[in-house]
Amino acid sequence: MNDWQDYNLAKGGDKSAWKRLVDLHAQNLMRLAGMLTGSHDLAQDVVQEVMLELFRKPPKHQNGTLRGWLTTVTYHTALKWKKQYAGWSTLGKIDPPDVNLQPLAKLIRDDRNRGLLDIIHSLAETHREVLILRFYGDKSLEDIATLMDIPLGTVKSRLFYGVNHCRKLMKDKGLT
């Protein structure tokens, strides 16, 4: 059974199909939203909103993959919410309790990955978005160009410079 079949069953009220979809996609969407927003809490909200949008505003067609649709909607929602909440002050970074950590939070807790996350977030936004979409959103270079509405050569250039900058900073910080 493919994702679209599960989606159609879930739309019809099949709870087990809904659970399969969430189990299959939520972790990857959390990772993508977390990388784009820089916030575990905001990433959870983004993923929840995307899953709700799947039923409120269903995809117009089922030609591509459901994962591709979810990734695209997550990308746009994460950027919109990041901009919307950018002016809000926080009371400091409060890590979620260890008991129920999501996989993304477990990765971020690891020092090496925390260092990598800091490095990725130090990139210029244009380089960071391409890097995150490619390696955390599993998007092809062509898909990134379409999604960001930029030429393919620009995507390749931003990815090249983003990766090289990350490598240099990882080496400088002893993370290689």
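Throughout what follows, the structure given in this document is the object of discussion. No experiment lies behind these values; they were computed from the predicted model shown.

Conventions and cut-offs
- Residues numbered from 1 in each chain as written.
- Predicted model: local features only at pLDDT ≥ 70, side-chain atom pairs only at ≥ 80, totals over all residues.
- Heavy atoms only, no water.
- Helix = DSSP H or I, 4+ residues; strand = E, 2+ residues; numbered from the N terminus.
- Buried < 20%, exposed > 50% of the residue type's maximum accessible area, 1.4 Å probe, protein only.
- Contact = heavy atoms within 4.5 Å.
- Axes fitted to C-alpha atoms, helices over the stretch in contact; angles between N-to-C directions.
- Parallel < 35°, antiparallel > 145°, perpendicular 65-115°, else oblique.
- Left-handed = near helix turned anticlockwise from the far one by under 90°.
- Phe/Tyr/Trp six-rings, centres within 6.5 Å; stacked < 30°, edge-to-face > 60°.
- Salt bridge = Lys/Arg side-chain N within 4 Å of Asp/Glu carboxyl O.
- Lys, Arg positive; Asp, Glu negative; His and termini not counted.

Here's the deal with the overall build of the chain
Broken down by element type, the chain carries nine helices and zero strands. What you see in the chain, going N to C, is helices and strands ordered as α-α-α-α-α-α-α-α-α. Within the chain, the fraction of its 176 residues that count as buried is 40%. Across the chain, contacts joining residues at least 24 apart in sequence account for 61% of those joining residues at least 6 apart.

Here's the deal with the packing of helix α7 (residues 125-135) against helix α8 (residues 141-148)
Across the interface, α7 lies against α8 with an axial gap of 10 Å and an inter-helix angle of 135 degrees. When the axes of α7 and α8 are compared, the pair comes out oblique. Helix-helix and strand crossings are classified by hand; for α7 and α8 the assignment is right-handed. Where α7 abuts α8, its residues Glu129, Val130, Leu133 and Arg134 lie against Leu141, Ile144, Leu147 and Met148.

Things to note about the packing of aromatic side chains
For the structure shown, the criterion picks out four aromatic pairs. Consider the rings of Trp4 and Tyr7, whose centres lie 5.8 Å apart with planes at 85 degrees: the pair is edge-to-face. Residue Trp4 and its partner Tyr7 are located together in helix α1 (residues 3-11), separated by three residues, close to a single helical turn. Pairing Phe160 with Tyr161 gives two aromatic rings, centres 5.2 Å apart and planes at 80 degrees, and the pair type is edge-to-face. Following the ring pairs from residue to residue traces out a cluster consisting of Trp4, Tyr7, Trp18 and Phe55.

Quick look at the pattern of salt bridges
Counted under the stated rule, the structure contains five salt bridges. Residues Lys19 and Asp23 are paired through a salt bridge, measuring 2.8 Å at the closest nitrogen-oxygen approach. With Lys19 and Asp23 both in helix α2 (residues 15-37), this residue pair falls four residues apart, about one helical turn.

Some thoughts on the side chain of Arg158
Take Arg158: it is sitting in helix α9 (residues 152-172). Although Arg158 lies buried, it forms no salt bridge, and the closest oppositely charged side chain, Glu129, sits 6.2 Å away as judged by the N-O distance. For Arg158, the contacting residues outside a window of four places in its chain are Thr126, His127, Val130, Met148 and Ile150.

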